[in-house]
Amino acid sequence: MNQGQTVLAQIIAFIPKYEFDKCVKRYNGNHRVRSFTCWEQFLVMSFAQLTNRESLRDIESCLSAIGSKLYHSGIRSRVTRSTLAEANENRDWRIYSDFASVLIQEARKLYFNDSSFTLDIDNLTYAFDSTTIDLCLSLFPWATFRKKKAAIKMHTQMDLRGSIPTFIHLTSGDVHDVNAIDFISFEPGAIYIFDRGYVDFNRLHSIDQAKSFFVIRAKDNLNFRRIKSKTLDKSSGLMVDQIIMLNGFYSSIDYPTSLRRVKFKDPITMKTYTYLTNHFDLPALTIAAIYKERWKIELFFKWIKQHLRIKAFYGTSMNAVYTQIWIAISNYLLIAIIKKKLNLQHSLYSILQVFSLTLFERTTLLQLLNDDLIEKLPPSNPNQLNIFDN
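Caption draft 1: Local environment of the overall build of the chain. Within the chain one finds 14 helices and 10 strands. In terms of C-alpha radius of gyration, the chain reaches 23 Å, essentially the compact-globule figure of 21 Å for 390 residues. Over its C-alpha atoms, taken along the principal directions, the chain stretches across nearly 75 × 50 × 35 Å. Within the chain, the fraction of its 390 residues that count as buried is 55%. Residue pairs at least 24 apart in sequence account for 64% of intrachain contacts in the chain once pairs closer than 6 positions are excluded. For the chain, the accessible area works out to roughly 18300 Å², and carbon and sulfur atoms hold 49% of it. When the 49 basic and 37 acidic side-chain charges of the chain are each reduced to a single mean position, those positions are 3 Å apart.

Caption draft 2: Here's a closer look at the packing of helix α3 (residues 38-50) against helix α5 (residues 81-90). Interaxial distance between α3 and α5 falls to 11 Å at its minimum, and their mutual angle equals 110 degrees. Here α3 is positioned roughly perpendicular relative to α5, judged by the angle of their axes. Along its contact with α3, which presents Q41, V44 and M45, the element α5 presents L84, A87 and N88. Residues of the contact of α3 with α5, tallied by class, amount to 4 nonpolar, 2 polar and no charged.

Caption draft 3: Region of the structure containing the pairing of strand β8 (residues 238-246). Along β8, 8 of the 9 residues are buried, which leaves the element largely enclosed by surrounding structure. Bridge analysis of strand β7 (residues 224-229) against β8 gives 5 bridges, and the strand direction is antiparallel. Bridged to F224 within β8 is L246. Looking at chain direction, β8 and strand β9 (residues 259-265) are connected through 6 bridges and run antiparallel. By the bridge assignment, Q242 is partnered in β9 with R261.

Caption draft 4: Structural view of the packing of helix α2 (residues 17-26) against α3. Where α2 meets α3, the axes come as close as 10 Å, and the angle between the chain directions of the two elements is 115 degrees. Of α3, the residues touching α2 (which contributes K17, F20 and V24) are C38, W39 and F42.

Caption draft 5: Molecular detail of the pattern of salt bridges. Following the criterion strictly, the structure yields 18 salt bridges and no others. The residue R260 makes a salt bridge to D241 at a minimum N-O spacing of 3.0 Å. Linking R260 in strand β9 with D241 in strand β8, this pair joins segments that are 19 residues apart in sequence. For the residue pair R260 and D241, the accessibility class agrees, reading buried in each case.

Caption draft 6: Local environment of α3. With 13 residues, α3 extends 18 Å from end C-alpha to end C-alpha; this agrees with the ideal 18 Å at 1.5 Å per step. Buried residues dominate α3, accounting for 13 of its 13 residues.

Caption draft 7: Molecular detail of the pairing of strand β1 (residues 125-135). Burial analysis of β1 places 9 of its 11 residues in the buried class, which makes it a mostly covered element. The pairing of β1 with strand β5 (residues 191-194) spans 3 bridges and is parallel. The residue bridging Y126 from the neighbouring strand is Y192, located in β5. Where β1 meets strand β3 (residues 149-159), 10 bridges bridge the pair, whose relative direction is antiparallel. If you follow D134 over to β3, its bridge partner there is A151.

Reading the values: rules and limits
Residues numbered from 1 in each chain as written. Predicted model: local features only at pLDDT ≥ 70, side-chain atom pairs only at ≥ 80, totals over all residues. Heavy atoms only, no water. Helix = DSSP H or I, 4+ residues; strand = E, 2+ residues; numbered from the N terminus. Rg over C-alpha atoms; globule rule 2.2 N^0.38 Å. Buried < 20%, exposed > 50% of the residue type's maximum accessible area, 1.4 Å probe, protein only. Contact = heavy atoms within 4.5 Å. Areas by Shrake-Rupley, 256 points an atom, 1.4 Å probe, with all protein chains shown as cover. Lys, Arg positive; Asp, Glu negative; His and termini not counted. Charge placed at Lys NZ, Arg CZ, Asp CG, Glu CD. Axes fitted to C-alpha atoms, helices over the stretch in contact; angles between N-to-C directions. Parallel < 35°, antiparallel > 145°, perpendicular 65-115°, else oblique. Nonpolar A, V, L, I, M, F, W, Y, C, P; charged D, E, K, R; others polar. Pairing = 2+ DSSP bridges. Salt bridge = Lys/Arg side-chain N within 4 Å of Asp/Glu carboxyl O. Expected span 1.5 Å × (residues − 1).

Below is the structure:
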């Protein structure tokens, strides 16, 4: 890295600009644009994300104060509130969605053999869940949710080998979680993990028909009959490992073949969990361990809400909100890519914290992220969760 470059310029150097330009061209993002291109919009929004700007006015004030440093970081147009607001309203959010997909593919390659994935299985393993982002109904009337509340949902599939989101689908808050399963392309041999809110036997059977596997928490009122039980070592926490058939009229039609039911008591929390799966070959303890890996997607949701700006929005239209979320996701992926390419051992939280304070310093990223500087940072809130800590 060139020591004369700003930290922001060095971060930008990790972005595949050619791929970004392809996404812009796909949706005519720069059509009739004389200044403040989609690229500059992306950089300004990334700056706002990384430095936790509160509003359009805040962004404008900060950029005006450091105007002399912007040119060599790629921001060459004068940035005003109206210019940024207009870009967020009118530039197609799919530009940034498609670009996030490019970064997803790059990150997945880097994290494929990530050491944080400790399960001894060869299958690709995904967790699927959603998080709700609350909004003000009077400002975001298009984001229908409840009678007096607005919200959007971020339905996410995460590759557990590296905590990389591989599929994200944004909807209004009133879309039921289970409906998002219809947008997944199931990979033969892959394992998909769901919470019990996704119990829909017709959809689960479609996963089985695709020659994929699922692990899902069973509901308490499951109506079934036992076909076969395995002898277990109950000192391990396993309570039940059964082959079952569904008894309910509709559920038996929706899922007409056998399922495996595993019941496990966590020796640490002493809580009991019951899982359903169509994978009959893995050990029962491995089934329980696979479901436990689902905590990584919860960390992703908490991390991105805590550390990137998706609680305070810079625009109120659907296009502006979606643009901001997709750029936030792109920033998450970009930091993850930098962490792996520079072989950094620090948590993603620590890296982001350093970047937020030093974007226009002129020092190399490796020097910036040395242990002495990291140690001087204030400790993270114990209620804030970190990922990529391996």
